[in-house]
Amino acid sequence: MENIQMVDLVSQYQNIKAEIDDAIISVAASAKYIRGPQVQSFQENLANYLDVNHVIACANGTDALQIALMALGLERGDEVIVPAFTYVATAEVIGLLGLKPVMVDVDSSTFNITAVQIEKAITNKTKAIVPVHLYGQSCDMEPIMKLAKKHNLFVIEDNAQAIGSDYSFFDGSTKKTGTLGHIGCTSFFPSKNLGCYGDGGAMFTSDGELANKIRMIANHGQAKKYHHSVIGVNSRLDTIQAAILDIKLKSLDIYSEARNSVAKKYDEAFKCIESIDTPVRDVKSSHVFHQYTLKIKEGKRDKLQEYLKERNVPSMIYYPIPLYKQKAFESYWDNIPLECTEDLCANVLSLPIHTEMGANTQEYIIENVINFINK
Ligand SMILES: *Cc1c(COP(=O)(O)O)cnc(C)c1O
């Protein structure tokens, strides 16, 4: 078995090649590389898909988080609550804007932050919460929104890993992740569930006033050309990327199903193994499996990764170090380690999962994991 990849973007492209090539050529021929009609069209189609009033595309997911925070009008030193177990971008933009990231522990089974953990971290300086829907599954947002309302906090969802996932409310109704808080942010990095062929990102909101602020900030602080009312940034989605995303959006649900069937096979293969915990499905959320992440117990994680590597099976550790232990975040840490975050950093391992995973490839991966355990 050769050349197994975490994500197989080449095979995915081959399956939609004709349509993608046409779209790219047509943008090239139009010369409308910036703010071409495909950007508008994609924003509208994504807004329809998500059932949200406004989608504002930007240059990447990190910018999306930054611009969303800028739109809230916070002041230096204000506190923003984030999970300690996430990608650096979530907390980085908070520090960049002179705000204070306050890191809280995640739940050991869902890997997401909960209202209970958030509440303990709320002070009179807290202004916002950034829940991250990690690996493709929604945080339990109903209690989080209730808590936010009680304390008058903004909620910005980091939906970079969970686009397409549905959250279920207590009354049985559902909503897409990214549309549950005040602003949702996502990334179209190539390996994300809805990925383009370069960098891209977007913000979603149903609040018209926030949408106007976001649009203005992303465009040099101007609502009218050469009239700059606030300090903004330059963050746009290229027309070519929008054209590609508009095509891939049509298949997003099919892609999520494909990821789910891969996950199901992994679950079945590993569920009876004592030293492996398979991903827990939260009844409140559908899962879009941006990552398929196991907990490998008994301190065997690193040895398993080495064993797989020797047999050409890639695997990844998302994430090996708690954010508060990163040098850049030193000054925000009170030296008290967070139990679940520490446990996950030491034990998680993500296996290859993507939309074109062949049965033979997956069987080979499973076989090698099991061989290692039985060794
Ligand atoms: C990928 C990712 C981001 C950042 O997206 P970029 O487009 O790479 O800037 C932010 N948060 C999370 C959780 C991510 O996975």
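Data block above holds the structure.
Just so it is clear, the structure is predicted and the values come from calculations on it, not from any experiment. (Residues numbered from 1 in each chain as written. Predicted model: local features only at pLDDT ≥ 70, side-chain atom pairs only at ≥ 80, totals over all residues. Heavy atoms only, no water.)

(A) Region of the structure containing the sheet that holds strand S12 (residues 276-277). In spatial order, the strands read S12-S13-S14; together these 3 strands make up an open sheet with antiparallel pairing. Looking at strand neighbours, the two that pair on one side only are S12 and strand S14 (348-351), the edges of this open sheet. Across 4 bridges, the pairing between strand S13 (residues 292-296) and S14 is antiparallel. Within S14, the residue paired with Thr-293 across the bridge is Ser-350. (Pairing = 2+ DSSP bridges. Helix = DSSP H or I, 4+ residues; strand = E, 2+ residues; numbered from the N terminus.)

(B) Representation of the packing of helix H3 (residues 61-70) against helix H4 (residues 89-96) within the structure. Interhelical geometry of H3 versus H4 gives an angle of 45° and a closest axis separation of 9 Å. With respect to H4, the axis of H3 lies oblique. As for how H3 packs across H4, the hand of that crossing is right-handed. Here H3 contributes Thr-62, Leu-65, Gln-66 and Leu-69 to the contact with H4, which in turn contributes Ala-89, Thr-90, Glu-92, Val-93, Ile-94 and Leu-96. The residue makeup of the contact of H3 with H4, split by class, is 6 nonpolar, 3 polar and 1 charged. (Axes fitted to C-alpha atoms, helices over the stretch in contact; angles between N-to-C directions. Parallel < 35°, antiparallel > 145°, perpendicular 65-115°, else oblique. Left-handed = near helix turned anticlockwise from the far one by under 90°. Contact = heavy atoms within 4.5 Å. Nonpolar A, V, L, I, M, F, W, Y, C, P; charged D, E, K, R; others polar.)

(C) Broad picture of the pairing of strand S5 (residues 154-158). With 4 of 5 residues buried, S5 lies mostly within the body of the structure. Pairing analysis gives 2 bridges linking strand S4 (residues 126-129) to S5, with the strands arranged parallel. Residue pairing for S5: Ile-129 is matched across the bridge by Val-155. Once you follow S4 into helix H6 (residues 141-151) and on to S5, the crossover reads as right-handed. Across 3 bridges, the pairing between S5 and strand S8 (residues 183-187) is parallel. Looking across to S8, one finds that Asp-158 is bridged to Cys-185. (Buried < 20%, exposed > 50% of the residue type's maximum accessible area, 1.4 Å probe, protein only. Right-handed = clockwise from strand over helix to strand, strands pointing away.)

(D) View of the packing of aromatic side chains. Inspection of every chain in the model, using the stated rule, returns 14 aromatic pairs. Between Tyr-266 and Phe-270 the ring centres are 5.8 Å apart and the planes differ by 15°, which places this aromatic pair in the stacked class. Note that Tyr-266 and Phe-270 are positioned in helix H9 (residues 252-270) at a spacing of 4 residues, about one turn of the helix. As far as burial versus exposure is concerned, Tyr-266 and Phe-270 are alike and both buried. Every member of this aromatic cluster is reached through a ring pair, and the members are Phe-85, Tyr-87, Phe-111, Tyr-135, Tyr-318 and Tyr-319. The ring centre of Tyr-307 lies 3.6 Å from the NZ or CZ of Arg-311, which sits over that ring. (Phe/Tyr/Trp six-rings, centres within 6.5 Å; stacked < 30°, edge-to-face > 60°. Lys NZ or Arg CZ within 6 Å of the ring centre and 35° of its normal.)

(E) Structural detail: the environment of Ile-240. On the secondary structure map, Ile-240 appears in helix H8 (residues 239-249). The exposure class of Ile-240 is partly exposed, given its relative accessible area of 27%. Spatially, the C-alpha atoms of Ile-240 and Lys-375 are 50 Å apart, while their sequence positions differ by 135 residues. Sequence-distant contacts of Ile-240, that is, excluding residues within four places in its chain, are made with Ile-24 and Val-27.

(F) Spotlight on the pattern of salt bridges. Enumeration according to the criterion identifies 11 salt bridges in this entry. Between Asp-78 and Lys-127 there is a salt bridge; the shortest N-O distance is 3.1 Å. Of the two residues, Asp-78 is situated in the loop between H3 and strand S2 (79-83) and Lys-127 in strand S4; the sequence distance between them amounts to 49 residues. Since its relative accessible area comes to 30%, Lys-127 is described here as partly exposed. The partner of Glu-342 in a salt bridge is Lys-325, and the shortest N-O contact between them spans 3.0 Å. One end of the pair, Glu-342, is in helix H11 (residues 339-347); the other, Lys-325, is in the loop between helix H10 (301-310) and H11, and 17 residues separate them in sequence. For Lys-325, a relative accessible area of 41% translates into the label partly exposed. (Salt bridge = Lys/Arg side-chain N within 4 Å of Asp/Glu carboxyl O.)

(G) Structural context of the site of the ligand. Lining the immediate environment of the ligand, one finds 13 residues, of which Gly-61, Thr-62, Asp-158, Ser-187 and Lys-192 sit closest. A distance of 2.9 Å separates an oxygen atom of the ligand from a polar atom in the side chain of Gln-161. In the environment of the ligand, an oxygen atom lies 3.0 Å from a nitrogen or oxygen atom belonging to the side chain of Lys-192. Summarising the interface, the protein chains cover 92% of the accessible area of the ligand, which totals 380 Å² for the free molecule. (Near = heavy atom within 4 Å. Polar contact = N/O pair within 3.5 Å; in protein donor to acceptor, adjacent residues only side chain to side chain. Areas by Shrake-Rupley, 256 points an atom, 1.4 Å probe, with all protein chains shown as cover.)

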